[in-house]
Amino acid sequence: MSLPSSVDVAIIGAGAAGLGAARALENSNLSTIVLEARYRLGGRAFTVVTGGGGSPLAVPNITFDLGCGWLHSADRNSFVRIAEQLDFEIDRTRPPWREQGFDAVFPPKERADFIEALDDFYDRAEVAAKGGRDSAASACLEPGNRWNPMIDAISTYVNGAELDRVSILDMDAYEDTGINWRVRRGFGLLVLTYGAPCPRAVNTKVTLIDHSGPRLRIETSQGTLSAAKVIVTVPTNLIAEESIRFYPALPVKVDAARGLPLGLADKIVLALDQPDALPIDGNLRGATMRTAMGSYHLRPFGQPCIEGFFGGRFARELEDAGKGAMAAQAVDEIVAMLGSEFRPRLKPLIHSRWAHDPFARGSYSHALPGHAGDRAMLAAPVDGRLFFAGEATSPNFFSTAHGARDSGERAADEVLASQISR
Ligand SMILES: Cc1cc2nc3c(=O)[nH]c(=O)nc-3n(C[C@H](O)[C@H](O)[C@H](O)COP(=O)(O)OP(=O)(O)OC[C@H]3O[C@@H](n4cnc5c(N)ncnc54)[C@H](O)[C@@H]3O)c2cc1C
């Protein structure tokens, strides 16, 4: 779609939040457009399919989500209903994070001990949060506990950051119902399909929102348009870096975004030759006592592959180390756990580099210690004309795709309420 010169509502960003906002406004009689810097919809929701018919490289067909993969808190997840409506099959297989370890590398007795230490940590964090004073979640680690580095590793997967960078109050506000499902065809494809009806302009990077005049003036890489209202859904790191600018400046928003940086989680998929030797939907993680280590999902959906997951500072190091570093690390770790006969059977196919992605600059938001209140600050409308959505604005489902989508719907409701009260 080419850029209109004027609309009622411009929505910046075609991730789950922007698409959620646009879908919520579709029957409102307001003209809308979603302005998206990338060539595609979905943002941090992105499904890739490797291989392809007759590929000379003999790469198998593997469906892989480079971003969100799990319908977290599935019993309260708005994408479950959408998946059903759009005929996306939901897989309710239990996730492999806790019990389904690989006994050879993480003996059951050790694993049970680790899970107990992890649960004790979460219990202490909950008690600390009830006290109402914020601090770093690392303060809830038991001094000298041998599992502390691995508990920190879990934080790098869950929060994208080590516990010293995570607010206890914010961590406690997250609502995890413990039910996690998947969609076989890919979460990214689900978000893309959900957003397909939305009017949008892709390859359109917004650089400035000028709210000094009676109408909002939006400068983009494809030209300028005006709007009565704007919904901003770009990731916090881009607001914090002022990659998208406001005139007059909005220092409260920039400060709130700085308190909610995107942590880092990266994924890699490795094709696995002779897969039957490994269990479907198993978990592979060694009792290595290190924070800097990957977590591996064996044969997701029974596919002939292993998915690796890296988080926090270690993921950043691997991204910064450049081409081949993440693949080499994943292969070395898997071989160290399963044996050298696996080396020739593993073929790294594709991996994410979310910190280096210019339109994300990270994976999902966490609040820095002392900044749990920043989510509400970021979400608050300005002047009845500028509205804010995106996963980081969700009070209880931040860092997730459904939290992002629901926040878009909330911002759309605010737009409609502001029309009525005008
Ligand atoms: C590795 C990884 C694993 C994850 N796992 C899960 C999971 O299992 N379950 C889950 O629920 N969530 C998961 N998430 C998080 C989830 O993907 C995100 O929370 C969600 O997709 C964010 O949606 P959003 O709309 O807030 O932001 P985004 O998806 O980032 O959308 C923002 C959009 O704005 C665009 N944009 C940026 N700058 C501009 C600009 N200047 N002009 C125009 N457009 C711009 C971007 O290109 C992007 O499309 C994961 C994320 C990652 C990276």
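Let us look at the structure shown here. From a predicted model like this one, the values you see are computed outputs, not experimental measurements.

## Topic: the site of the ligand
Stage number 1. The immediate surroundings of the ligand are formed by 38 residues, with Glu36, Arg44, Trp70, Val206 and Ala401 found nearest.
Stage number 2. In this structure, an oxygen atom belonging to the ligand sits 3.2 Å away from a main-chain N or O atom of Ala16.
Stage number 3. Within the complex, 98% of the 1,000 Å² of free accessible area of the ligand lies under protein.
Stage number 4. Listing elements by their share of the shell around the ligand, those giving two or more residues are α1 (16–24), β14 (265–272) and α12 (401–420).

## Thoughts on the nonpolar core
Stage number 1. Among the nonpolar cores identified, the biggest contains 37 residues, and Ile11, Leu71, Phe79, Val183, Phe187, Leu190 and Ile231 are the most heavily contacted of them.
Stage number 2. Among the elements of the structure, β1 (6–12), α1, α2 (78–85), β7 (181–183), α6 (187–195) and α12 are those that each provide at least two residues to this core.
Stage number 3. Not counting the four nearest positions on each side in its chain, Phe187 is found in contact with Thr47, Asp65, Cys68, Gly69, Trp70, Leu71, Phe79 and Ala401.
Stage number 4. One finds Val105, Ile268, Leu346 and Ala360 within the second-largest nonpolar core, a separate group that totals 34 residues.

## A word on helix α10 (residues 325–338)
Stage number 1. The terminal C-alpha atoms of α10 lie 20 Å apart, and with 14 residues this matches the ideal 20 Å at 1.5 Å per residue to within 8%.
Stage number 2. Taken together, the buried positions of α10 are Ala325, Met326, Ala327, Ala330, Val331, Glu333, Ile334, Val335, Met337 and Leu338.
Stage number 3. Check the buried side of α10 and you find it contacts β14, β15 (282–284), β16 (295–298), β17 (305–311), α9 (312–320) and β18 (346–351).
Stage number 4. One or two residues past the end of α10 sits Gly339, with phi positive at roughly 115 degrees.

## A few points about the packing of α1 against α6
Stage number 1. Between α1 and α6, whose axes approach to 9 Å, the crossing angle comes to 30 degrees. When the axis of α1 is compared with that of α6, the two are roughly parallel. The interaxial crossing formed by α1 with α6 has left-handed handedness. Contacts between α1 and α6 involve Ala16, Leu19, Gly20 and Arg23 from the first element and Val191, Tyr194 and Gly195 from the second.

## Some remarks on the pairing of β16
Stage number 1. Judged by which residues are buried, β16 turns out to be covered on both faces: Ser295 and His297 on one side and Tyr296 and Leu298 on the other are all buried.
Stage number 2. Two strands pair when backbone bridges link them, and β15 and β16 are joined in this way by three bridges, in the antiparallel orientation. Looking at the pairing, Leu284 lines up with Tyr296 of β16.
Stage number 3. Pairing of β16 with β17, which is carried by four bridges, proceeds in the antiparallel orientation. Bridge pairing in β17 links Leu298 to Ile306.
Stage number 4. Taking the residues between adjacent antiparallel strands as the criterion, β16 and β17 are bridged by six residues, where Arg299 takes a positive phi near 45 degrees.

## Structural notes on the environment of Asp413
Stage number 1. Take Asp413: it is sitting in helix α12.
Stage number 2. Note on Asp413: relative accessible area 47%, which makes it partly exposed.
Stage number 3. Remark: the alpha-carbon pair of Asp413 and Ala21, spanning 392 residues in sequence, is separated by 8.5 Å.

## Topic: the sheet that holds strand β5 (residues 70–71)
Remark on secondary structure: sheet strands pair via backbone hydrogen bonds, oriented parallel or antiparallel.
Stage number 1. Strands sit in the order β5-β7-β6 across an open sheet of three strands; the sheet is antiparallel. Edge strands, defined here as strands with exactly one partner in the open sheet, are β5 and β6 (90–91).
Stage number 2. Of the strand pairs in this sheet, β6 and β7 are connected by two bridges, and their pairing is antiparallel. Bridging across to β7, Ile90 finds its partner in Val183.

## Overview of the pattern of salt bridges
Stage number 1. Counted by the stated rule, this structure contains 23 salt bridges.
Stage number 2. A salt bridge links Arg182 to Asp91; the shortest N-O distance between them is 3.6 Å. Within this pair, whereas Arg182 is found in strand β7, its partner Asp91 is found in strand β6, the two being separated by 91 residues in sequence.
Stage number 3. Residue class for Arg182 comes out buried when judged on its relative accessible area of 4%.
Stage number 4. Overall, Asp91 belongs to the buried group, its relative accessible area being 16%.
Stage number 5. Glu414 serves as the salt-bridge partner of Arg410, at 3.2 Å between the closest nitrogen and oxygen. In this pair, Arg410 and Glu414 are both assigned in helix α12, four residues apart and thus about one turn of the helix distant.
Stage number 6. What makes Arg410 partly exposed here is its relative accessible area of 23%.

Analysis parameters
- Residues numbered from 1 in each chain as written.
- Predicted model: local features only at pLDDT ≥ 70, side-chain atom pairs only at ≥ 80, totals over all residues.
- Heavy atoms only, no water.
- Near = heavy atom within 4 Å.
- Polar contact = N/O pair within 3.5 Å; in protein donor to acceptor, adjacent residues only side chain to side chain.
- Areas by Shrake-Rupley, 256 points an atom, 1.4 Å probe, with all protein chains shown as cover.
- Helix = DSSP H or I, 4+ residues; strand = E, 2+ residues; numbered from the N terminus.
- Core = buried A, V, L, I, M, F, W, Y, C linked by side-chain atoms within 4.5 Å.
- Buried < 20%, exposed > 50% of the residue type's maximum accessible area, 1.4 Å probe, protein only.
- Contact = heavy atoms within 4.5 Å.
- Expected span 1.5 Å × (residues − 1).
- Axes fitted to C-alpha atoms, helices over the stretch in contact; angles between N-to-C directions.
- Parallel < 35°, antiparallel > 145°, perpendicular 65-115°, else oblique.
- Left-handed = near helix turned anticlockwise from the far one by under 90°.
- Pairing = 2+ DSSP bridges.
- Salt bridge = Lys/Arg side-chain N within 4 Å of Asp/Glu carboxyl O.

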